[in-house]
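The primary structure of each chain is shown beneath.
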Amino acid sequence: MEQKTLIACEDAALGYEGKPIWEHLTFSVRSGDYLCIVGENGSGKSTLLKSLLGLLKPLSGKVLLDDSLRRGAIGYLPQQTRAQKDFPATVSEVVLSGFLSARRGRFFYTRQEKTQALMHMGKLGILEMKDRCYRELSGGQQQRVLLARALCAAGEVLILDEPVTGLDPSAAQDLYRTLEYLNKKEGIAIVMVTHDMQNALHYAGTILHAGQKQWFCGSVEEYLASPYGKRFGGDRA
């Protein structure tokens, strides 16, 4: 079955105040893709995410989104701040907030939205926690709640910014397995910024390496054979 192009960068320059961090960036994310964005701090990974989310306009070239994504159907899992970890709401309230962009002025959630939220919580193994306070959960449990929230917003793609930061190794592996299930079994495209090179090479289908106004995008095998991969990638897990 032909894969639909969800996101496409076409000869894009991305940056701030007329100063590009990315130049001539060309790549696409199709349905079912698993793309990991890697690179050193300050190489432009956050700039790229803001551009994909529509928060930053390209300096030149194009960042194109499928019609479904232009209506806000992107599930986004940002890095957590300390204040967010202490958010005083129930798990159900946090998960349901993923539908906020789709409510368009409605005060109440629909029955369908509530059913979907329960379904996503069940899928991620947090249904029994639905009435617990979010800030009382462990870091791994909180990430599952936020992932369920992102799924409420997601149509066909999840964008994640360092999702395993601060998690213990067991919780991190649980999260990776969950993402693999969503990608392979449900066909959701994954776009993830990560410093966890070993797991990026293990789970991703495509690697986008951010450099200082230079970049590489290709399969894991192509990446490992490239100068970037030989320097940063090491051996595939």
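Above: the structure in question.
Anyway, here's the lowdown on the structure attached to this text. Computed from a prediction, not measured in an experiment: that's the story for all the values here.

### A short note on helix α8 (residues 169-186)
Relative to the 26 Å expected for 18 residues at 1.5 Å per residue, α8 spans 25 Å between its end C-alpha atoms, a close match to the ideal helical length. For α8, the full list of buried residues reads A171, A172, L175, Y176, T178, L179, L182 and N183. The buried residues of α8 all sit within an arc of 160° when viewed along its axis, so they share a single face. Along α8, exposed side chains directed more than 90 degrees from the buried face belong to P169, K184 and K185. Structurally, α8 contributes buried residues whose contacts are with β3 (34-39), α6 (111-123), α7 (139-153), β6 (157-161), β7 (189-193) and α9 (197-203). Measuring from the side-chain oxygen of the N-cap residue of α8 to the backbone nitrogen of S170 gives 3.0 Å; that N-cap residue is D168. A positive phi of about 75° marks G187, the residue just after α8.

### Remarks on the sheet that holds strand β8 (residues 206-210)
Reading across from one edge, β5-β6-β7-β3-β8-β9 is the order of the 6 strands in this open sheet, with mixed pairing throughout. The open sheet has two edge strands with one neighbour each: β5 (74-77) and β9 (215-219). Adjacent strand axes in the sheet meet at a mean angle of 15°, parallel and antiparallel pairs treated alike. With 4 bridges connecting them, β3 and β7 associate as parallel partners. By the bridge assignment for β7, Y34 is matched with I190. Across the sheet, α8 is in contact with β3, β6 and β7; its angle to β7 comes to roughly 145°.

Calculation criteria
- Residues numbered from 1 in each chain as written.
- Predicted model: local features only at pLDDT ≥ 70, side-chain atom pairs only at ≥ 80, totals over all residues.
- Heavy atoms only, no water.
- Helix = DSSP H or I, 4+ residues; strand = E, 2+ residues; numbered from the N terminus.
- Expected span 1.5 Å × (residues − 1).
- Buried < 20%, exposed > 50% of the residue type's maximum accessible area, 1.4 Å probe, protein only.
- Arc of directions from axis to C-beta.
- Contact = heavy atoms within 4.5 Å.
- Polar contact = N/O pair within 3.5 Å; in protein donor to acceptor, adjacent residues only side chain to side chain.
- Pairing = 2+ DSSP bridges.
- Axes fitted to C-alpha atoms, helices over the stretch in contact; angles between N-to-C directions.

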